[in-house]
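Structure assessment
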Amino acid sequence: MLHPELISMENEVFRVYLGWTAVLVLKIFAMGILTGLTRFVTATFANPEDLMSPKLKVKFDDPNVERVRRAHRNDLENIVPFFIIGLLYTLTNPSVFLAVNLFRAVGIARIVHTIVYAVVVVPQPSRALAFFVALGATVYMALQVILAAAF
Amino acid sequence: MLHPELISMENEVFRVYLGWTAVLVLKIFAMGILTGLTRFVTATFANPEDLMSPKLKVKFDDPNVERVRRAHRNDLENIVPFFIIGLLYTLTNPSVFLAVNLFRAVGIARIVHTIVYAVVVVPQPSRALAFFVALGATVYMALQVILAAAF
Amino acid sequence: MLHPELISMENEVFRVYLGWTAVLVLKIFAMGILTGLTRFVTATFANPEDLMSPKLKVKFDDPNVERVRRAHRNDLENIVPFFIIGLLYTLTNPSVFLAVNLFRAVGIARIVHTIVYAVVVVPQPSRALAFFVALGATVYMALQVILAAAF
């Protein structure tokens, strides 16, 4: 049973979904800024019109830039599905305790993922662990949504 | 005319949207898992910290890994816009029969797209057909949303 | 305070969000079509099954194709977060004047971004300006959502 009243600040699940979603949107945007900064520091520009000096040439294979871009892409692959499934899961009227902790798990795990991948490289399995915590929580939400829809 | 009551399990269009969206979220995640498996099978790792043996070197150009990554990226480009436009289309109170079949078309076409692209490579135009069925259905929904907004 | 009544065509903020979101979905899809056209014009195909003649080989580094793909990826990185945060921002009951103009800013800036990046290459800072106008408007919405959630 779904109720539009669930879309309300009186619903703590919705409120926490709202907060983590906005934080993760800012986190994704931070990857774009970090890519730009790394491009400037390493003078790695993909477009001729971006070259600030006639001595520079376009360049595609800087390992630092590519690392940030892989982390950014991984965010799109994993956080963006959370945005929609977190909203739909909220609409299935889940247990407050469980839902709030699932959202926290996704939010914290994805921030940790970025730090150990693109800020300070930490040996595995740190990145794999962060990846699978967020993935597991989001898969659980998706399965609950499927059960609620039972289509 | 939009009504928040459309966000309800009594609304079959919303229920079917919910189910297919959750299935497609899991499908996108399956691409991440498939990328990982293909990386292990072909020993193609993009990060030094992922190398499991000192004999291995980072590698970027395995054709099997790149094929799965292209299919994954194609999902982000095409399924993610469906997530939001499918929800907004549901809120325009469309015909149940049409909406349910559009959602099914997107869901089935995108699963077929993945199979013929990244699981068993099937000659064209199978992939192109799957791509355009899902694209056509989503474009139709976007146009209906624009008509409803008439901004 | 959130109210589900905000999800209604009587709410102009929601109506304008709906319209720009649908337009931007079509804009993202246009990048996919433009990628395909550029692949045909330059005979740059990434998959063996896409080659239309036995004389062709797979090719990955055409600068025109890669430029369109970068613009496309930039859309996913920046427009997709707007889709969800624009919806949540609408639910925070913002000032109509401000919200409508923020949505317009994002919509117009992202269309300009595509034109100066992938249609007619215009010297910098045109692309950077378009990028930061859309980014700034979306970041503002995300901050307002965080304030509303205050979690």
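To start, this report covers the structure provided alongside it. (Residues numbered from 1 in each chain as written. Chains lettered and ligands numbered in written order. Predicted model: local features only at pLDDT ≥ 70, side-chain atom pairs only at ≥ 80, totals over all residues. Heavy atoms only, no water.)

Counting secondary structure elements, chain A contains four helices and zero strands. Counted from the first residue to the last, chain A has its helices and strands arranged as α-α-α-α. Against the compact-globule benchmark of 15 Å for 151 residues, chain A has a radius of gyration of 19 Å, which places it well outside the compact range. Each principal axis of the C-alpha distribution contributes one length, and for chain A these read about 65 × 35 × 30 Å. Burial status across chain A gives 56% buried among its 151 residues. Long-range pairs, those at least 24 residues apart, make up 70% of the contacts in chain A with a sequence separation of at least 6. Seen as two clouds, the 13 positive and the 10 negative side-chain charges of chain A have centres 9 Å apart. (Helix = DSSP H or I, 4+ residues; strand = E, 2+ residues; numbered from the N terminus. Rg over C-alpha atoms; globule rule 2.2 N^0.38 Å. Buried < 20%, exposed > 50% of the residue type's maximum accessible area, 1.4 Å probe, protein only. Contact = heavy atoms within 4.5 Å. Lys, Arg positive; Asp, Glu negative; His and termini not counted. Charge placed at Lys NZ, Arg CZ, Asp CG, Glu CD.)

Before going further, it helps to spend a moment on the interface of chain B and chain A. Between chain B and chain A, the contact holds 33 residues from the first and 35 residues from the second. When the two sides are added together, the surface that chain B and chain A hide from each other amounts to roughly 2,900 Å², 74% of it contributed by carbon and sulfur. The largest contributions to the chain B side of the interface with chain A come from M9, F29 and E49 of chain B, which together make up 22% of the buried area. Put simply, D50 of chain B and R127 of chain A hold a salt bridge, and the shortest N to O gap is 3.0 Å. Where chain B packs against chain A, one counts nine residue pairs in polar contact (both at pLDDT 80 or more). Only α1 (12–42) and α2 (63–90) of chain B provide two or more residues apiece to the side of chain B that touches chain A. Ranked by residue count, the leading element in the side of chain B that touches chain A is α1 of chain B, at 14 residues. (Buried area = accessible area lost by both parts, 1.4 Å probe. Salt bridge = Lys/Arg side-chain N within 4 Å of Asp/Glu carboxyl O. Polar contact = N/O pair within 3.5 Å; in protein donor to acceptor, adjacent residues only side chain to side chain.)

Our focus in this paragraph is the environment of F60 of chain C. Take F60 of chain C: it is sitting in the loop between α1 (12–42) and α2 (63–90). Residues in contact with F60 of chain C, not counting those within four places in the same chain, are R70 of chain B together with T44, A46 and E66 of chain C.

Counted according to the given criterion, the structure contains 21 salt bridges over all chains. Overlapping salt bridges, with partners in common, bring together E49 and D50 of chain A together with R67 and R127 of chain C in one network.

One frequently used descriptor of interface size is the decrease in accessible area upon assembly of the parts. Taken residue by residue, the interface counts 33 residues in chain C and 35 residues in chain B. Both faces considered, chain C and chain B share a buried interface measuring about 2,900 Å² in area, 74% of it formed by carbon and sulfur atoms. For the chain C face of the interface with chain B, the top three residues by lost area are M9, F29 and E49 of chain C, together amounting to 21%. Applying the counting rule to chain C against chain B returns three salt bridges.

Mapping chain B onto chain A calls for a rotation angle of 120° and an axial translation of 0.0 Å; the resulting RMSD is 0.0 Å. In short, the pair behaves as if placed about a three-fold rotation axis. In this assembly the copies use different faces: only 18% of the residues contributing to the interface of chain B also contribute to that of chain A. (Least-squares fit on C-alpha atoms with pLDDT ≥ 70 in both.)

All names here are of chain A. Following the criterion strictly, the structure yields 24 aromatic pairs over all chains and no others. When the centroid spacing of 6.2 Å and the interplanar angle of 85° are considered together, the rings of Y89 and F103 count as edge-to-face. Of this pair, Y89 sits in helix α2 (residues 63–90) while F103 sits in helix α3 (residues 96–119); the two residues are 14 residues apart in sequence, bridging distant segments of the chain. Each member of the pair, Y89 as well as F103, is classed as buried. Centre to centre, the rings of F131 and F132 are 5.0 Å apart; their planes meet at 90°, and the pair counts as edge-to-face. Judged by relative accessible area, F131 falls into the buried class, the value being 15%. Each member of the aromatic cluster is reached from another via a ring pair, and the members are F14, Y17, F82, F83, Y89 and F103. (Phe/Tyr/Trp six-rings, centres within 6.5 Å; stacked < 30°, edge-to-face > 60°.)

Shape descriptors only; they carry no functional weight alone.
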